[in-house]
Structures are given as C-alpha cells and as structure tokens.
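Fold and geometry: a report
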Amino acid sequence: SQTIHQWPATLVQPVGSPLSLECTVEGTSNPNLYWYRQAAGRGLQLLFYSIGIDQISSEVPQNLSASRPQDRQFILSSKKLLLSDSGFYLCAWNLAGLAGGQVQPSTDTQYFGPGTRLTVL
Amino acid sequence: AQKVTQAQTEISVVEKEDVTLDCVYETRDTTYYLFWYKQPPSGELVFLIRRNSFDEQNEISGRYSWNFQKSTSSFNFTITASQVVDSAVYFCALSEAGLLYNQGGKLIFGQGTELSVKP
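So, here's what we can say about the structure.

Cut-offs and rules
- Residues numbered from 1 in each chain as written.
- Chains lettered and ligands numbered in written order.
- Predicted model: local features only at pLDDT ≥ 70, side-chain atom pairs only at ≥ 80, totals over all residues.
- Heavy atoms only, no water.
- 1 Å grid on protein atoms, 1.4 Å probe; cavity = no way out; pocket = protein on both sides within 12 Å on 5 of 7 lines; lining within 4 Å.
- Points joined across faces, edges and corners; volume = space filled by probe spheres on them.
- Helix = DSSP H or I, 4+ residues; strand = E, 2+ residues; numbered from the N terminus.
- Disulfide = S-S within 2.5 Å.
- Buried < 20%, exposed > 50% of the residue type's maximum accessible area, 1.4 Å probe, protein only.
- Phe/Tyr/Trp six-rings, centres within 6.5 Å; stacked < 30°, edge-to-face > 60°.
- Core = buried A, V, L, I, M, F, W, Y, C linked by side-chain atoms within 4.5 Å.
- Contact = heavy atoms within 4.5 Å.
- Pairing = 2+ DSSP bridges.

Section: the layout of surface pockets
Considering only enclosed or pocket space, the largest pocket measures out at about 300 Å³ in volume. Lining the largest pocket are 17 residues, and of these R42 of chain A together with Q39, P40, P41 and V89 of chain B lie nearest its centre. Breaking the lining of the largest pocket down by element, the ones donating at least two residues are β9 (87-94) of chain A together with β10 (88-96) and β12 (113-118) of chain B. Broken down by element, the lining of the largest pocket gets its largest block of residues, three residues, from β12 of chain B.

A word on the state of the cysteines
Evaluated as defined, the whole model comprises two disulfides over all chains. Residue pairing for C23 of chain A: its cysteine sulfur links by disulfide to C91 of chain A, the two sulfurs lying 2.0 Å apart. Its S-S torsion of about -75° marks the bond between C23 of chain A and C91 of chain A as left-handed, since a negative value means left-handed. Taken together, the residues span a long stretch of sequence, with C23 of chain A in strand β3 (residues 19-26) and C91 of chain A in strand β9 at a distance of 68 residues. The exposure class of C91 of chain A is buried, given its relative accessible area of 0%. For C23 of chain B, the disulfide goes to C92 of chain B, at an S-S distance of 2.0 Å. Taking the sign of the torsion about the S-S bond as the criterion, the disulfide between C23 of chain B and C92 of chain B, at about -65°, is left-handed. Here C23 of chain B, found in the loop between β3 (19-21) and β4 (24-26), pairs with C92 of chain B, found in strand β10; they are 69 residues apart in sequence, far enough to count as distant. For the pair shown, C23 of chain B and C92 of chain B are each scored as buried.

Some points on the packing of aromatic side chains
Residues and elements named next belong to chain B. Counted under the stated rule, the structure contains 21 aromatic pairs over all chains. Ring geometry for Y25 versus F68: centroids 6.3 Å apart, planes at 50°, classification tilted. A residue pair is termed long-range when its members are at least 10 positions apart, and Y25 in strand β4 and F68 in strand β8 (residues 64-69) qualify at 43 residues. An angle of 50° between the planes, with centres 6.1 Å apart, marks the rings of Y37 and F109 as tilted.

A few points about the nonpolar core
Residues and elements named next belong to chain B. The biggest cluster of nonpolar side chains holds 25 residues, and the ones touching the most others in it are W36, W66, F75, F77, Y90 and L115. Among the elements of the structure, β2 (10-14), β3, β5 (32-39), β6 (46-52), β8, β9 (74-79), β10 and β12 are those that each provide at least two residues to this core. It is β10 that contributes the most residues to this core, four residues altogether. Ignoring anything within four residues of it in the chain, the contact list for Y90 reads Q6, L21, W36, Y37, K38, L48, Y64, F77, I79, G112, T113 and L115.

With respect to the pairing of β2 of chain B
Looking along a regular strand, one sees the side chains alternate between the two faces of the sheet. Residue and element names in this part refer to chain B. Of the two faces of β2, only one is covered, namely that formed by I11 and V13; the face formed by E10, S12 and V14 stays uncovered. By the bridge criterion, five bridges tie β2 to β12 in an arrangement that is parallel. Counted as the bridge partner of S12 is S116 from β12.

As structure tokens, this is what we get:
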C-alpha cells in the first residue's frame, strides 16, 4: 500500500531564515505531487504541483519554491521566510494520468500526508 | 469561476444525533469530481468519498451517507447516530477536468465545517 511522509512535523523559524520541508511517497511510481497550505482561516490553497522529476508548476506567486529531485520526493523551500508563511503545509499525491504514453495531471483522488506546522516568529 | 461553499462554519450536536453538513459548488465544467475529507485534530486530511458529475446515485457507507443533487449543485454529507470520534473539521472539495492541464487537477476546497460531537 502507499504511504506519504512529511517532515518535520513541527517547525518554528525566525523571519528571514531559510526553509526546507520534505515529502516522500512510498508504494507507487510516477505520482502527481502537490503542496497545499492551510492558513489559520482553515481554507486550503494549492501552492505547487508536479507531474514528474523537475516538472513543477506554481499556482501562487510568493517567496516559496518547490523541487522534485527524485520521482517520489517533493521539497518545499524558501530562502527567506516571512511572517505570512506561517501555516500548516500539506503534501498530497495521486495517480498520474497517461495520454499517448506521457504522464499527465489527474483528477484522481488526492491522498494527504500528516502535514508540517510552521510558525514564523 | 469554480467555488465551493460550506455555509456552516461550526456545528455542535450531542452524541447519537444525526447531522448533515452542507456543500454547494459552482462550476461551468460538465465533467467534475466532488470529494469529502475529514480533518481530525491531528491535522491530517482523511479521504472519505469521491463522486463524478455523471453519477448522482446517493451513497451510504456505514453511518455516513452522501446526497448528490446536480439540480441544486449540492453534495451534502450526513452522519447518522454521531459519535464523539466524528468530531473534526470536514471539507468538501471540487476538481474539474477542464482545469487538468493548466492547474494540474487541483482541488478547490470549501472553508470547512467544524463538527463537535458532545457525549
């Protein structure tokens, strides 16, 4: 079966410090991967998604970036954190679509990791 | 534009009561998918159900049931005989086939309904 891991679980960082959050998926290949942020108001917002290694799409312009160095690894980074970056960060995966032998995005069910709670002081 | 509205911010019930969580969605796509997720205090989003726009059959899974009505753009969730363990924030979400290739099949979430079940 598939599992998704995130670490760290909790993080407190000063404003201006760098950030690196990691997400890994086990038990599947070529997943679509997603980063969402949940702010205090509870709504979830998509930040980045990826359909393959080094294939990242950004949904919201901000000081965050994402990378996918391996098939099942998705990293969320920042060079300098802002107070507004505080929140709960959730990684998700789903099965990729296939069209003409090419991996595609998918509307298949997204499964979420346990999340990282980030506080920027 | 796509939108999911969960008008009930908080609901409080006593154990064994039935409770319905409302979800209303907006979309111009004819092919779309609706989801419900549960977020317990631990924070992880737990998948509950996925329905596509061509399947309006209601679904029952144990104490959970879902009522999908395209005529009113609603996808409501009912918990029968609620239990304390049902206490959580519940999210309704929408994914559209039309946004697949430029927004990656992203989920559009409602603001969530916080359900509190008291013993």
